Amino acid sequence: QVQLVESGGGLVQAGGSLRLSCAASGRTFSTYRMGWFRQAPGKERQFVAGIRSSGNTDYADSVKGRFTISRDNSKNTLYLQMNSLKPEDTAVYYCATSPYGTNWSVNSFGYWGQGTQVTVSS
């Protein structure tokens, strides 16, 4: 059984920073790809950033240059450093993992955390 628990969300002013964490348990994730997704009210869940077991990363265009995804396999923890936050970054942020797949579509991930709220005020 895989469990993911996000933390680090909160309320921040525009231009500020937050770091999200996702603690994984149940399996060794060094060989899994992991991703961050977000869902704003009334919108579909969307890809934010992903990291493969090789360490290669991908980002949505909307967060490139502002967000950084990283992983610490020794701690089974995934991170998302978010800088220069904008009001449009407001959403519930989810981490997800999968041992399979190559793309970053929501449907390609089978394990999800419960989400953490990020609110950016203008």
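Bear in mind that the values here come from a model prediction, so they are computed numbers and not experimental data.

## Considerations on the overall build of the protein chain
Secondary structure summary: the protein chain contains zero helices and 11 strands in total. In the protein chain, the succession of α and β elements from N to C terminus is β-β-β-β-β-β-β-β-β-β-β. For the protein chain, the C-alpha radius of gyration of 13 Å lies close to 14 Å, the compact-globule estimate for 122 residues. Along the first, second and third principal axes, the C-alpha atoms of the protein chain reach 40 × 25 × 25 Å. Counting all 122 residues of the protein chain, 42% fall into the buried class. By sequence separation, contacts in the protein chain at least 24 residues apart represent 59% of the contacts at least 6 residues apart. When the accessible surface of the protein chain is split by element, carbon and sulfur atoms take 45% of a total near 6,200 Å².

## Examining the sheet that holds strand β8 (residues 77-82)
Each strand in a sheet pairs with its neighbour through backbone hydrogen bonds, running either in the same direction (parallel) or in the opposite one (antiparallel). The strand order across the open sheet built from four strands is β1-β3-β8-β7, with neighbouring strands paired in antiparallel fashion. At either margin of the open sheet sits one strand with a lone partner, and together these are β1 (3-7) and β7 (67-72). Geometrically, the sheet is characterised by an average inter-axis angle of 15° between neighbouring strands, direction not taken into account. With six bridges connecting them, strand β3 (residues 18-25) and β8 associate as antiparallel partners. Within β8, the position partnered with R19 by the bridge is Q81.

## As for the state of the cysteines
On inspection of all chains with the given rule, the structure shows one disulfide. Put simply, C22 and C95 are joined by a disulfide, and their sulfur atoms are 2.0 Å apart. The sign of the S-S torsion, about 50°, decides the handedness of the disulfide formed by C22 and C95: right-handed. Of the two residues, C22 sits in strand β3 while C95 sits in strand β9 (residues 91-98), which places them 73 residues apart along the sequence. Overall, the relative accessible area of 0% leaves C95 in the buried class.

## Some details on the pattern of salt bridges
Taken as a whole, this structure holds four salt bridges when the rule is applied. One salt-bridge network, held together by shared partners, links R38, R66 and D89.

Calculation criteria
Residues numbered from 1 in each chain as written. Predicted model: local features only at pLDDT ≥ 70, side-chain atom pairs only at ≥ 80, totals over all residues. Heavy atoms only, no water. Helix = DSSP H or I, 4+ residues; strand = E, 2+ residues; numbered from the N terminus. Rg over C-alpha atoms; globule rule 2.2 N^0.38 Å. Buried < 20%, exposed > 50% of the residue type's maximum accessible area, 1.4 Å probe, protein only. Contact = heavy atoms within 4.5 Å. Areas by Shrake-Rupley, 256 points an atom, 1.4 Å probe, with all protein chains shown as cover. Pairing = 2+ DSSP bridges. Axes fitted to C-alpha atoms, helices over the stretch in contact; angles between N-to-C directions. Disulfide = S-S within 2.5 Å. Salt bridge = Lys/Arg side-chain N within 4 Å of Asp/Glu carboxyl O.

In short, shape yes, function no, at least from these values alone.
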